[in-house]
Amino acid sequence: MSSETILTINNLTKKYGHITAVKDLSFTIEKGNVYGILGPNGSGKSTTLGIVLNVVNKTLGDFHWFDGNVSTHEALKRVGAIIERPNFYPYMTAIQNLKLVCKIKGVSQDKIEEKLKIVGLLERKNSKFRTYSLGMKQRLAIASALLNDPEILILDEPTNGLDPEGIHSIREIIKKIASQGTTILLASHLLDEVEKVCSHVVILRKGEKLYGGRVDEMVASHGFFELKSEANGELVQLLESHNAFGKITTEGDLITAFLNQPLKSNELNKLLFEKGIVLSHLVQRKESLEEQFLTITQNQSN
Amino acid sequence: MVRLLQIEWIKLWNNRASKVLIVAYFVLLTLISLVAAIKFDIGPIKFHLAELGIFNFPYVWHFNTFIAAFFKLFLAVVIVSMMANEYSNKTIKQNLIDGFSKWEFVYSKFLTVLAFAAVSTVFIFVVSLLLGLGYSDYNEIGIIFSDLEFILAFFIKLVGFFSFCLFLGILVKRSAFALGFLILWTIIEQLLFGLIGWKLTTWDTAKQIKNFFPLESMANLINEPFSRLSAVQNLGQQIGEDLKFDYAVHWYEILIVLVWSSLFIYWSYALLKRRDL
């Protein structure tokens, strides 16, 4: 696999007085993937991003961008990032603000209109930033982060505080950017947000990494079956005697059977039919990210 | 360097308050020349300021730089707020994320300070030259271009003062409080001087020590020119070299201000580097 590393973090630690915000954190970001940093508020997501973005000083450990041969501020010219609230000069128009960003990043100003169009702000390009709604400010921040056609786009809680319409339009923009192959790092406390866009995830709690890797490999699980039948008693007995199944629960007339090893739904259906049990309901599912997340956080706290 | 200046220019010039203050400052600098027009003509009393000899070369260099230095407060407000606003708008954070290094950030502000000081100096040089050419009794080239160290002192004085403002902006992060601190500091310097003279040493030593305080050292660069003017009147035609010596700009005065300026810029950088944003 020809993977190119964009960001490497090694044993990063940040202490605020005697509070440890980030604890011995390590992970790498490879080109072309969409990463999520998941964790409740105060789990160290923003601190971690602040450190790699040159605005927060680390206490211990190190990190480097790309191959490690460029200084952080030079590397950031190849990065697009939005953290927390959008910060622009309130007395300047969208165009003037973006021109300033172009100057700082050292890129040409040709792409300003194009990027404003992507986020749907072209009609308001000459309005002062302070006249924008929060959703528009957030979209301008995305346009600004895209000006240099970044190799990685970092978004910290991009939908925080937005109304449903705003959330929807931001997610559409993110999906569009991800589909063009841009590496994305998305920090969020919203599970479904991460589930919808990310292929990889880092789960943080109290500054510590609980999990890092592919979203679909998060819990070593083969999923579970939801079953219903006229003869639930016999069905449960049969499932309990089958070695592919572990835990079996019954809720009302719905039986949930967790798999210990892979088993296809058609195989199960055939097996049960041969034993004379006819199913009225058969669904094979994997745990949702939320269920997996809770499994991981609970395992760790035990 | 040009890039950094352009960046600061965009930030400043699009801000209406800064724009008004900058324009007002340069208009006021030009208006010094209007002093020349001050004339009282009340019956027997005739008074024409320009005829007192304040625009005589080389005295005009001293007089104009001293008066013009009062207007630096306008730019002080601009500089303090250009720094403090970066904090209140949190744009400093965005600038760093966009790829500014912390040094570049401080350096771009310092370049702006240098540019303000340089433009002011050129301005005051031209205004003084024109006034002198118009009203001076002495127009020999040698006299016109003597005592130009006041122009240099003016530049150094502005650089020192503006660097102090820059540092206060970073230190306090709020423009109103930073300006309050600036006023407080002028009082603190006097109090400190009083305390040292009263408790620690003799008043003479205290005066020597006071010369090393930041604001006092800047004030010392260009001493008040008025007693020199009355001396000119008293002595009539005999403008002596001995007088010139008393009011001179000394190299060590320049050195003290330069040291303070470097310290303020270094401290600004050190603060920014140490702080989490």
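Keep in mind that this is a model prediction, so the values were computed, not measured. Throughout this description, residue numbers start from 1 for each chain and increase along the sequence as written. Ligands are numbered from 1 and chains lettered from A, in the order in which they are written. It should be noted that, the model being predicted, local features are given only for residues of pLDDT at least 70 and side-chain atom pairs only at 80 or more, the latter also being counted only at that level, while totals for whole chains, interfaces and linings use all residues. Each side-chain value is worked out from all heavy atoms of the structure, with water and hydrogens disregarded.

Structural notes on the overall build of chain A
Inference 1: The secondary structure listing takes helices from DSSP runs of H or I that are at least 4 residues long and strands from runs of E that are at least 2 residues long, numbered from the N terminus. Across its full length, chain A holds 10 helices and 13 strands.
Inference 2: Projected onto the principal axes, the alpha-carbon positions of chain A cover approximately 75 × 45 × 40 Å.
Inference 3: Categorising residues by exposure relies on relative accessible area from a 1.4 Å probe, with only protein chains included: less than 20% of the type maximum marks a residue as buried, more than 50% marks it as exposed, and the intermediate range marks it as partly exposed. Every one of the 302 residues in chain A was classed for burial, and the buried ones make up 49%.
Inference 4: Per-residue and other accessible areas follow the Shrake-Rupley method at a 1.4 Å probe size, with only the shown protein chains counted as cover for residues. Surface accessibility of chain A: about 14,400 Å² in total, with carbon and sulfur atoms responsible for 47%.

Considering unusual backbone geometry
Inference 1: A cis amide bond, omega -5 degrees, links Phe 57 of chain B with the succeeding residue Pro 58 of chain B.
Inference 2: Structurally, Pro 58 of chain B can be placed in the loop between β2 (45–48) and α3 (59–68).
Inference 3: Of note, the phi angle at Asn 11 of chain A is positive, near 50 degrees, even though the residue is not glycine.
Inference 4: Relative to the elements of secondary structure, Asn 11 of chain A occurs in strand β1 (residues 5–16).
Inference 5: Of note in this structure, Asp 149 of chain A is not a glycine but carries a positive phi near 45 degrees.
Inference 6: Along the polypeptide, Asp 149 of chain A turns up in the loop between α5 (134–146) and β6 (152–156).

Overview of a nonpolar patch on the surface
Inference 1: Taken together, Trp 251, Tyr 252, Leu 255, Val 259, Leu 263, Tyr 266 and Trp 267 of chain B make up a surface patch of nonpolar side chains, about 760 Å² in accessible area.
Inference 2: As for its placement among the helices and strands, Trp 267 of chain B is situated in helix α14 (residues 251–274). Patch members must show over 30% relative accessible area and no salt bridge, and they are joined within 9 Å when carrying like charges or within 5 Å when they are nonpolar side chains of Val, Leu, Ile, Met, Phe, Trp or Tyr. Between Lys or Arg on one side and Asp or Glu on the other, a salt bridge is scored when a side-chain nitrogen of the former is within 4 Å of a carboxyl oxygen of the latter.

Focus: the UniProt feature "transmembrane region" (unreviewed entry) in chain B
Residue and element names in this part refer to chain B.
Inference 1: UniProt positions are given in the numbering used here, feature names are shortened, and annotations may be inferred rather than shown by experiment. Residues annotated in UniProt with the feature "transmembrane region" (unreviewed entry) correspond here to residues 20–40, 60–84, 105–130, 150–172, 179–198 and 251–272.
Inference 2: Between the end C-alpha atoms of residues 105–130 there is a gap of 38 Å, over a span that is 100% helix and 0% strand.
Inference 3: Between the end C-alpha atoms of residues 150–172 there is a gap of 32 Å, over a span that is 100% helix and 0% strand.

Focus on the interface of chain B and chain A
Inference 1: Residue contacts follow a heavy-atom distance rule, with two residues in contact if any of their heavy atoms lie within 4.5 Å. In this complex, chain B contributes 27 residues to the contact, which on the side of chain A involves 25 residues.
Inference 2: The quantity reported as buried area is the accessible area (1.4 Å probe) lost by two parts once they are put together, taken as the sum for both. Here chain B and chain A share an interface that buries about 2,600 Å² over both sides, 53% of which is from carbon and sulfur atoms.
Inference 3: Linking chain B with chain A are two salt bridges, by the criterion used here.
Inference 4: Pairing of N or O atoms within 3.5 Å defines a polar contact, subject to two protein rules: one partner must be a possible hydrogen donor and the other a possible acceptor, and residues neighboring in sequence count only if both atoms are side-chain atoms. Counting the contacts that link chain B with chain A gives 14 residue pairs in polar contact (both at pLDDT 80 or more).
Inference 5: Within the residue set of the side of chain B that touches chain A, elements represented by two or more residues are α1 (2–13), α5 (91–97), α6 (102–135) and α14 of chain B.
Inference 6: Here the side of chain B that touches chain A gets six residues from one element, more than from any other, and that element is α5 of chain B.

Digging into the domain arrangement of chain A
A common measure of how large an interface is: the accessible area buried when the components associate.
Inference 1: The domains assigned to chain A are domain 1 (5–217) and domain 2 (224–285).
Inference 2: Between the C-alpha centres of domain 1 of chain A and domain 2 of chain A there is a distance of 45 Å. How far each domain reaches was decided by an automatic or database domain assignment.

Brief notes about the packing of helix α9 (residues 175–200) of chain B against helix α11 (residues 214–221) of chain B
Residues and elements named next belong to chain B.
Inference 1: Where α9 meets α11, the closest approach of the two axes is 8 Å, and the angle between their N-to-C directions is 85 degrees. Accordingly, the angle class assigned to the pair α9 and α11 is roughly perpendicular. Seen from α9, the contacting residues are Leu 182, Trp 185, Thr 186, Glu 189 and Gln 190; seen from α11, they are Pro 214, Leu 215 and Glu 216.
Inference 2: The classification used treats Ala, Val, Leu, Ile, Met, Phe, Trp, Tyr, Cys and Pro as nonpolar, Asp, Glu, Lys and Arg as charged, and all other residues, Gly among them, as polar. Residues of the contact of α9 with α11, tallied by class, amount to four nonpolar, two polar and two charged. Only the stretch in contact is used when fitting a helix axis, every axis being a line fitted to C-alpha atoms; angles between N-to-C directions are given from 0 to 180 degrees. These descriptions rest on fixed angle ranges, namely under 35 degrees for roughly parallel, over 145 for roughly antiparallel, 65 to 115 for roughly perpendicular, and the rest for oblique.

Things to note about the packing of aromatic side chains
Inference 1: When two rings of Phe, Tyr or Trp (its six-membered ring) have centres within 6.5 Å they constitute a pair, described as stacked for plane angles under 30 degrees, edge-to-face for angles over 60, and tilted for the intermediate range. Throughout the structure, instances matching the rule amount to 28 aromatic pairs over all chains.
Inference 2: Centroid distance Trp 9 of chain B to Trp 13 of chain B: 4.8 Å. Interplanar angle 15 degrees. Geometry classified as stacked. Linking Trp 9 of chain B with Trp 13 of chain B, this pair stays in helix α1, spanning four residues, or about one helical turn.
Inference 3: A residue is classified by how much of its surface remains accessible, and Trp 13 of chain B, at 30% relative accessible area, is partly exposed.
Inference 4: For the pair Phe 66 of chain B and Phe 70 of chain B, a centre-to-centre distance of 5.5 Å together with 90 degrees between the ring planes defines the contact as edge-to-face.
Inference 5: An aromatic cluster of at least three residues, connected via ring pairs, comprises Phe 164, Phe 167, Trp 185, Trp 260, Phe 264 and Trp 267 of chain B.
Inference 6: The ring of Tyr 16 of chain A has Lys 14 of chain A sitting right over it, with the charged end atom 4.9 Å from the ring centre.
Inference 7: The criterion for a charge sitting over a ring is simple: Lys NZ or Arg CZ within 6 Å of the ring centre, and within 35 degrees of the ring normal. Cation over ring: Arg 78 of chain A sits above Phe 66 of chain A, and NZ or CZ is 3.7 Å from the ring centre.

Examining the side chain of Glu 86 of chain B
Inference 1: With respect to the element layout, Glu 86 of chain B can be found in helix α4 (residues 72–88).
Inference 2: Judged by relative accessible area, which is 1%, Glu 86 of chain B ranks as buried.
Inference 3: In terms of polar contacts, Glu 86 of chain B uses its side chain to reach the side chain of Tyr 89 of chain A, at 2.7 Å.
Inference 4: Reaching out from Glu 86 of chain B, the side chain makes a polar contact with the side chain of Lys 109 of chain B at a distance of 2.8 Å.
Inference 5: When neighbours within four sequence positions are excluded, Glu 86 of chain B is seen to be in contact with Tyr 89 of chain A together with Lys 11, Thr 91, Ile 92, Asn 95, Phe 105 and Lys 109 of chain B.

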